[in-house]
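# Survey of secondary and tertiary structure
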Amino acid sequence: MTGSLTIRRPDDWHLHVRDGAILDAVVPHTARQFARAIIMPNLVPPATTTELITAYRDRIVAAIPAGADFTPLMTAYLTDKTDPDDLAAGHEAGVITAAKLYPAGATTNSDSGVTDIAAIMPVLRRMAEIGMPLLVHGEVTDAEIDIFDREAVFIERTLKPLMDRLPDLKIVLEHITTAEAAETVRQGGETLAATITPHHLMINRTDIFRGGIRPHLYCLPIAKREIHRLAIRALATSGHPRVFLGTDSAPHPIGAKESSCGCAGIFSAPTAVELYAQVFEEDNALDRLESFASLNGPAFYGLPVNQATVTLYREETVVPDEISIDEATRIRPFRSGETLAWRLR
Ligand code: DOR
Ligand code: ZN
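Predicted model only: the values in this text are computed from it and were never measured.

## Some details on the layout of surface pockets
Roughly 280 Å³ of volume is contained in the largest pocket. For the largest pocket, the full set of lining residues is I203, D207, R210, R214, H216, L217, R332, P333, F334, R335, S336 and E338. Roughly 240 Å³ of volume is contained in the second largest pocket. Around the second largest pocket, the lining is made up of 14 residues, and of these P103, V114, T115, F154 and T158 lie nearest the centre. For the lining of the second largest pocket, the leading source of residues is helix α5 (residues 150-165), giving three residues. Here the residues of the lining of the second largest pocket are counted per class, giving seven nonpolar, three polar and four charged.

## Some points on the nonpolar core
If you look at the biggest cluster of nonpolar residues, it comprises 94 residues, and the most contacted ones within it are L78 and L124. Among the elements that take part in this core, helix α10 (residues 272-282) stands out by supplying seven residues, more than any other. Setting aside chain neighbours within four positions, we find L124 in contact with L78, I117, L134, L162, L166 and L169. Listed in part, the 13 residues of the second largest apolar core include L73, A98, L135 and V172.

## Section: helix α2 (residues 50-62)
Taking 1.5 Å as the rise per residue, α2 with 13 residues should run 18 Å; its terminal C-alpha atoms sit 18 Å apart, in good agreement. Turning to α2, its buried residues number three or more, namely T50, I53, Y56 and I60. Considered in projection along α2, the buried side chains sweep an arc of 125° and stay on one side of the axis. Exposed and facing more than 90 degrees away from the buried side of α2 are E51 and A62.

## Points about the packing of aromatic side chains
Counting across every chain of the model gives eight aromatic pairs. Judged by centre distance (6.1 Å) and plane angle (70°), the ring pair of W13 and F244 falls under edge-to-face. Residue W13 is found in strand β2 (residues 12-15), and its partner F244 is found in strand β9 (residues 243-245); the two are separated by 231 residues along the sequence. Relative to Y301, the ring of W13 has its centre 4.5 Å away and its plane inclined at 25°; by these criteria the two rings are stacked. Taken together, the residues span a long stretch of sequence, with W13 in strand β2 and Y301 in helix α11 (residues 289-301) at a distance of 288 residues. The class for Y301 is buried, based on a relative accessible area of 9%. One aromatic cluster is present, formed by W13, F244, F300 and Y301 through successive ring pairs.

## With respect to unusual backbone geometry
With an omega of -5°, the peptide bond between V44 and P45 qualifies as cis. Here P45 shows up in the loop between β3 (36-39) and α2. Positive phi, normally seen in glycine, also occurs at N109, with a value near 55°. According to the relative accessible area criterion, N109 is partly exposed, its value standing at 32%.

## With respect to the pattern of salt bridges
Per the stated rule, a full pass over the model turns up 18 salt bridges. The salt bridge involving D142 is made with R157; its shortest N-O contact spans 3.0 Å. Here D142 is found in the loop between β6 (134-136) and α5, whereas its partner R157 is found in helix α5, with 15 residues between them in sequence. It is possible to trace a salt-bridge network through shared partners that takes in E258, E322, R330 and R332.

## What to know about the site of ligand 1
Taken together, 13 residues lie near ligand 1, and R18, N42, T107, L220 and H252 sit nearest. A distance of 3.3 Å separates an oxygen atom of ligand 1 from a polar atom in the side chain of T108. Considering ligand 1 on its own, with 290 Å² of exposed area, one finds that the protein chains cover 99% of that surface. Under a 2 Å grid-point criterion requiring more than half of the atoms, the pocket assigned to ligand 1 is the largest cavity. Across the shell around ligand 1, the residue classes break down as four nonpolar, seven polar and two charged.

## Notes on the UniProt feature "active site" (unreviewed entry) in the protein chain
UniProt's feature table lists "active site" (unreviewed entry) at D248, given in the numbering used throughout. Assignment of secondary structure puts D248 in the loop between β9 and α9 (254-257). Those residues in contact with D248 that lie beyond four places of it in its chain are H14, H16, H175, T197, H199, L220 and I266.

Conventions adopted
Residues numbered from 1 in each chain as written. Chains lettered and ligands numbered in written order. Predicted model: local features only at pLDDT ≥ 70, side-chain atom pairs only at ≥ 80, totals over all residues. Heavy atoms only, no water. 1 Å grid on protein atoms, 1.4 Å probe; cavity = no way out; pocket = protein on both sides within 12 Å on 5 of 7 lines; lining within 4 Å. Points joined across faces, edges and corners; volume = space filled by probe spheres on them. Helix = DSSP H or I, 4+ residues; strand = E, 2+ residues; numbered from the N terminus. Nonpolar A, V, L, I, M, F, W, Y, C, P; charged D, E, K, R; others polar. Core = buried A, V, L, I, M, F, W, Y, C linked by side-chain atoms within 4.5 Å. Buried < 20%, exposed > 50% of the residue type's maximum accessible area, 1.4 Å probe, protein only. Contact = heavy atoms within 4.5 Å. Expected span 1.5 Å × (residues − 1). Arc of directions from axis to C-beta. Phe/Tyr/Trp six-rings, centres within 6.5 Å; stacked < 30°, edge-to-face > 60°. Salt bridge = Lys/Arg side-chain N within 4 Å of Asp/Glu carboxyl O. Near = heavy atom within 4 Å. Polar contact = N/O pair within 3.5 Å; in protein donor to acceptor, adjacent residues only side chain to side chain. Areas by Shrake-Rupley, 256 points an atom, 1.4 Å probe, with all protein chains shown as cover. Sits in = over half its atoms within 2 Å of the grid points. UniProt positions renumbered as here; feature names shortened; annotations may be inferred.

Structure below.
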C-alpha cells in the first residue's frame, strides 16, 4: 500500500470565499491546500466590473496568511448588462481570468444573473475572440423543470446550442453531477471542460435524506441518483484531459443551513485534497490524481503548472466539527467529525 504520494501543488478551479469575516476565516484553508483558486463572484452585490473585481481581489490577498504562496484568479459575474469592453480590458490587464454565467435565479446570489443568453451574445463573442473562458452554472431555472433534471435539460437547451454557435468559446461546465454531463464532456472537443466537486463524487441524493434531512448535504446542482455519481466518478478518475478539480467549497453559517429554508452550499476547503485522494484511491486511480488536481486545469486555462510539490501521507485526518468565524457564527465542513485516510502536510 502506498504510504505517501507527492504531486505538483494543486489548484482549485471553483471556489467561494465570500467577503468580510468569512473570507478572512476561509482563505487560509484554501491557501494551505492550493496554489491558485478560481474565485466565484456571487457576492452581494455581485462582482461585475473590473473595478469591483480588483477591489475584491485586494481583500482576498489581504486575507492570505504571511508566507503562504497563493494566488486568487478572479472571475466576472455576467449580467444582461455586462460591458464587453470592460470585461476584455480586465482580462487584458490580468485582473479577470474568466467570466461566470449564472442563469438568473439558478442558485445562491444569482438574482442578477443572465436572464437570456441571447442578451449576452456580444459579450460571449468577444470572450471567444480573446480566449477568455466562460464558466457555466449549468442548470435551467424554469420552475416546472424537476430539480433533478435541471442540469440535463440545460445541456440540451442551452449548452449544446451555445457550443454550436460559438465553437471557439472555451467553456467550463462547472460542478457536473449527471451521466449526461459526463457524456457531453467525453464527446466534446478541445473547448469544453468540466470541474467536479468532492461532494458530488461522494454522495448521492439518498444521502441527503439518510435517517432524516441533512441540510449540510444540500447544494446546487443537487446530488443525483447513484448511477450519476458513478458516471462522474468514472470520468474524474479516467484521466480525461479536460476534467479537473473544482471544490465549489461554499461556506454558509450553520444557522443559514439549518433553517426552514436552508442555503445551498457545501464547505469542503479544510480537507479538500484529502477528500479527492480518498476517492481516487477507492477507485484505484491515485496515479491519476495529479493530472486531475494539478495539470489538466492549467492546460485548459493556458496557464503554467505549479513548480512546487505537496505530499499526501497515509495518515488519519479527522475533519473538524466546525470552523469558527466569530462568537456567533460557525461553519460546518463536509464530512465533519469523520476520519479520512490521507493527510496533506
Ligand atoms: O450549492 C451551491 N452553493 N451552489 C452554487 O452554485 C452556489 C453556491 C454558493 O454560493 O453558496
Ligand atoms: Zn459554486
